[in-house]
Structure formats: structure tokens, C-alpha cells
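What the coordinates show
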Amino acid sequence: ERAVSVFAELLARFPDEPRAVAELVTLLAVPAIRPQAAALLQPVFKGPGQGWQRVALLEALVESPDIEHATVLREELAALHESLSDFTQAFVGRLKLLTQAPGDDGARAQLERLANLAHLEEELIAAYEDLLERSLEPSVSLPLRLTIARLYAGPLARSEAAIREWEQIAALDGQSLEAFA
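1. Overview of the overall build of the chain
The number of helices and strands found in the chain is eleven helices and zero strands. Reading the secondary structure of the chain in the N-to-C direction produces α-α-α-α-α-α-α-α-α-α-α. Its C-alpha atoms give the chain principal-axis dimensions of roughly 65 × 30 × 25 Å. Counting over 181 residues, the chain shows a buried share of 40%. Counting contacts in the chain only where the partners sit at least 6 residues apart, residues at least 24 apart contribute 40% of the total.

Given below as C-alpha cells:
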């Protein structure tokens, strides 16, 4: 921790001091001081061409057990992965966000957009099926089931699986279905 405070003082006077930055990057590997090192590096890795460094930094911050703004960091991390054309990791990040808030329509829309973009339909179905095992409210489970059915009927061309899913949807409360008609 002493090293972190020394580098903090150095960066306060010389914000882009390369040796201090390099040492702090090395300290990201030390779990006990990772959050402090990552916090000091945040203003350093915001420029163009520093996307991958920022990814490593955000991943270190998100892993911190006492992080207050994990959701905001996860959103930034997913967007950053997408901007770097790492669609699979962007998908994984968006999935974590949806898992935290299964009823978030915006998170679901982002995940579905990424799945379509990166051809991750199978992964999306698996993720939605995992969410459905939680016994979610119909207002949450119905859109997931509709997406699964549409994917099976459309891009995946698995008509039997689509029919099974449509049967599950039909078994839901009729009032819930009317809201989505």
C-alpha cells in the first residue's frame, strides 16, 4: 500500500509519468491493492488508442468487492468491448447486467442486439433459459420466451423447438399474452 501512495503523489504532480503508470499497471495483479491502483489509473487510460488498457482497468475495478458503481462500470466495460469489436465479451458483460436486473427491457434489448450482431443466438437462448429457471414473473418471462420462440422459428430453423416454446407461451395467463399482442 505504501507503493500505491507514493505513485499517487507522483501522478498528482506528473499525471502521465510513464514509470509510475507502468508500475501501477503491474500492481493491478496484486489483489489487495488492485482497487487503489485501478482508481489511480482511471484518468490515465481514457484517451484514444487506450481501449484495451481501459478494459483491463475496468475489469480490475469491477472485481473489487466493495465497488459502489459496479453496474455503471459493467455498462462501460460492455460498451468498450463492443467498440473494440469484441462482441463476445460485450455479450458476456451485457448478460451480467441482465442477470442482475432480469426485468430491464433496455438491458434485454442490448443483449439481443449483440446476439444478433455476433450470431450468438444459441448463447442467448441458453442465457434466457437459465433466467427462466428462476421462476420469473410473467411480465419478465414472457418476453424471454417470445424471443426464444422467434429464434427457434427464424434464424435457427428448429421448428419443433419453436413449437414447444410457443406451447409454453400459450400456457401462460391469457391476460399476460394480451399485453404483448
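After that view of the structure, there is still more to cover.
2. What about the side chain of Arg-74?
Tracing the chain through its elements places Arg-74 in helix α5 (residues 70-83). Among all residues touching Arg-74, those that are not within four sequence positions of it are Val-62, Lys-96, Leu-97 and Gln-100.

3. Describing the pattern of salt bridges
Following the criterion strictly, the structure yields seven salt bridges and no others. Between Arg-54 and Glu-76 there is a salt bridge, with its nearest N and O atoms 2.8 Å apart. Within this pair, whereas Arg-54 is found in helix α4 (residues 51-63), its partner Glu-76 is found in helix α5, the two being separated by 22 residues in sequence. According to the relative accessible area criterion, Arg-54 is buried, its value standing at 6%. Of the charged contacts in the structure, one is a salt bridge between Arg-108 and Asp-105, with a shortest N-O distance of 2.8 Å. Placement of both Arg-108 and Asp-105 in helix α7 (residues 105-118) is noted, with a separation of three residues, approximately one turn of the helix. By relative accessible area, Arg-108 is classed as buried at 15%. Residues participating in the shared-partner salt-bridge network are Asp-105, Arg-108 and Glu-112.

4. Notes on the packing of helix α1 (residues 2-13) against helix α2 (residues 18-27)
Running from amino to carboxyl end, α1 crosses α2 at an angle of 145 degrees, the nearest separation of the two axes being 10 Å. When you trace α1 past α2, the crossing you get is left-handed. Facing α1, whose interface residues are Ala-3, Val-4, Phe-7, Leu-10 and Leu-11, α2 presents Ala-20, Val-21, Glu-23, Leu-24 and Leu-27. Its residues assigned to classes, the contact of α1 with α2 comprises nine nonpolar, no polar and one charged.

5. As for the environment of Glu-1
On the secondary structure map, Glu-1 appears in the segment before α1. Relative accessible area serves as the criterion here: at 68%, Glu-1 is assigned to the exposed category. A sequence separation of 36 residues divides Glu-1 from Ala-37, and the C-alpha atoms of the two residues are 9.3 Å apart.

Rules used throughout
Here the residue numbering is sequential within each chain, running from 1 through the sequence in written order. Note on the predicted model: pLDDT of at least 70 is required for a residue's local features to be given, and 80 or more for side-chain atom pairs to be given and counted; whole-chain, interface and lining totals, by contrast, use all residues. Note that water and hydrogens are dropped before the side-chain values are worked out from all heavy atoms of the structure. Every helix listed is a DSSP run of H or I at least four residues long, and every strand listed is a run of E at least two residues long, numbered separately from the N terminus. Think of it in three bands: with a 1.4 Å probe and only protein chains considered, a residue is buried below 20% of the maximum accessible area for its type, exposed above 50%, and partly exposed in between. Any two residues whose heavy atoms approach within 4.5 Å are treated as being in contact. Salt bridges are defined by distance alone: a side-chain nitrogen of Lys or Arg within 4 Å of a carboxyl oxygen of Asp or Glu. Lines are fitted to the C-alpha atoms to define the axes, a helix being fitted only along its stretch in contact, and any angle between axes, read from their N-to-C directions, falls within 0 to 180 degrees. A crossing counts as left-handed when the near helix is turned anticlockwise from the far one by less than a right angle, and as right-handed when that turn is clockwise. Classes in brief: Ala, Val, Leu, Ile, Met, Phe, Trp, Tyr, Cys and Pro nonpolar; Asp, Glu, Lys and Arg charged; the others, Gly included, polar.

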